[in-house]
Amino acid sequence: MKELSRRRFIRGGLATVAGLSGLGVAAGLAHKYGLVPPDSGGLYGPGETLTYAAQRLLARHSLAREFSRDQISPRPFADPVGKLPDEFTRLQAGRFADWRLSIDGLVDRPGSFSIDQLKSYLSKNQITEVACEEGWSYIAEWHGVPLSHVLDLVGTRPEARYVVYYSIQPDWWSSIDIAEATHPQTFLTYGMNGNDLPVPHGGPLRLRLPRQLGYKSVKFITRITVTDDLRKFPKQGLANPADGYAWYAGI
Ligand SMILES: Nc1nc2c(c(=O)[nH]1)N[C@H]1C(S)=C(S)[C@@H](COP(=O)(O)O)O[C@H]1N2
Ligand SMILES: [Mo]
C-alpha cells in the first residue's frame, strides 16, 4: 500500500496556498466556459479546475516529450502491484490467449478484443517517460495501438465525453476526457522495449497516457466504458481525488 497520509499532507499544504491566492475567482470563469474537471468539488476544487481549464484551453493538442533510443532506461522500475486475482493467474497460464478487452457504453458497436486482434491493428511506437507522483521516472519504448483507432472501430457516439477504463485488479480503474482518449499518444499498449509488455509493467495490456502522471496509466486493462457523465460512476479507484490524486494529472 502506498503512503496516502503523506500525500494528503502535501496536498493539504498546496490547497492552503491556492486558497490564499484566490484561485476561486479563476475557477468561476472556468465554470462559465464548461471547463470543469469531475473532481472540482471540495477542498482542492478551485486548483484542480484552474489546472484542467488552462490545460484544455492552451495545450489540448500538445505532445508529451519523446526520447531517442539511447535514452531508454536500462533498468525500468516496475512499481510493485498488489496481489493479482486468481483470474489473472489463470489467464497468464494460458499465455493471455483468452485475455479480452471489452468496450461498451456510448458506442455503436460494443465489442471485445483479444491481444492478437489488437496487435493486428495500426501499430505504433513511442519512447516516453513514466513519471510517478512520488518523484521517480523512467523512459521506455512502448508498442501499441492508439486508443483513438479502437474507439473509431467501435464507433464512439457524438455525446461521449469520457472514457472509463478498468484493470483486472479490482480497485484500479480511472477515467479521462475524450480529448485525452483520442490524443495520438494515448495507446493501448501491449509491448515494451521490443518485447511483449512484461507483467510487472502491466502486461498483457496497459493504457499508456504519457501526458499524465503514472497512476493514470492503469495496468492489466480488461474493460473500457464510454460515457457522457462521470457522476454515473463511483469515484476513481485506488488513486482517487479524496486521497490526494488529482483526476486530471497532466505533466
Ligand atoms: N493496475 C495497476 N495499475 C497501476 C498501478 C497499480 O498498482 N495497479 N500503479 C500505478 C502507479 S502509482 C504508477 S506510478 C505506475 C507505475 O508504472 P511502472 O510499474 O511501469 O513503473 O503504474 C500505475 N498503474
Ligand atoms: Mo505512482
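Computed from a predicted structure; not experimentally measured. (Residues numbered from 1 in each chain as written. Chains lettered and ligands numbered in written order. Predicted model: local features only at pLDDT ≥ 70, side-chain atom pairs only at ≥ 80, totals over all residues. Heavy atoms only, no water.)

This part is about the sheet that holds strand β6 (residues 173–177). Two pairing modes exist for strands in a sheet, parallel and antiparallel, and in both the strands are linked by backbone hydrogen bonds. Taken together, the five strands give an open sheet; going across it, the order is β2-β1-β10-β5-β6, and neighbouring strands pair in mixed fashion. The open sheet has two edge strands with one neighbour each: β2 (111–113) and β6. The sheet shows a mean angle of 20° between the axes of neighbouring strands, taken without regard to direction. Across three bridges, the pairing between strand β1 (residues 101–105) and β2 is antiparallel. Opposite Ser102, over in β2, you have Ser112 as the bridge partner. (Pairing = 2+ DSSP bridges. Helix = DSSP H or I, 4+ residues; strand = E, 2+ residues; numbered from the N terminus. Axes fitted to C-alpha atoms, helices over the stretch in contact; angles between N-to-C directions.)

Okay, the pattern of salt bridges next. Enumeration over the complete set of coordinates arrives at 11 salt bridges. Between Asp86 and Lys83 there is a salt bridge, and its shortest N-O distance comes to 3.9 Å. In this pair, the class of Asp86 matches that of Lys83, namely exposed. Of the charged contacts, one joins Arg90 and Glu87 as a salt bridge, the two residues approaching to 3.3 Å between their closest N and O atoms. Of this pair, Arg90 and Glu87 both sit in helix α4 (residues 86–93), three residues apart, roughly one helical turn. (Salt bridge = Lys/Arg side-chain N within 4 Å of Asp/Glu carboxyl O. Buried < 20%, exposed > 50% of the residue type's maximum accessible area, 1.4 Å probe, protein only.)

So, on to the side chain of Thr225. As for its position among the elements, Thr225 is in strand β10 (residues 221–227). Take Thr225: its relative accessible area is 6%, and that puts it in the buried class. Within the structure, the side chain of Thr225 is placed 2.7 Å from the side chain of Asp104, a separation counted as a polar contact. A distance of 3.3 Å separates polar atoms of two side chains, one belonging to Thr225 and the other to Arg223. Discounting chain neighbours no more than four positions away, the residues touching Thr225 are Asp104, Gly105, Tyr162, Val163, Val164, Tyr166 and Phe233. (Polar contact = N/O pair within 3.5 Å; in protein donor to acceptor, adjacent residues only side chain to side chain. Contact = heavy atoms within 4.5 Å.)

What follows covers the nonpolar core. Ranked by internal contacts, the top residues of the largest apolar core, which has 34 residues, are Trp99, Leu118, Leu188, Leu205 and Ile224. Of all the secondary structure elements, the ones that give two or more residues to this core are α4, β1, α5 (115–120), α6 (147–154), β5 (162–167), β7 (187–192) and β10. Ranked by residues supplied to this core, first place goes to α6 with four residues. In this structure, Ile224 is in contact with Leu101, Ser102, Ile103, Asp104, Leu147, Val163, Val164, Tyr165 and Leu188, ignoring residues within four places of it in sequence. (Core = buried A, V, L, I, M, F, W, Y, C linked by side-chain atoms within 4.5 Å.)

Another aspect to go through is the pairing of strand β4 (residues 137–146). Among the 10 residues of β4, nine are classified as buried, and the element is accordingly described as predominantly covered. Alignment of strand β3 (residues 124–131) against β4, held across eight bridges, turns out to be antiparallel. Note that in β4 the partner of Asn125 across the bridge is His143. In sequence, β3 turns back onto β4 through a hairpin of five residues, with Gly135 there showing a positive phi of about 115°.

Nothing here speaks to function; it is geometry throughout.
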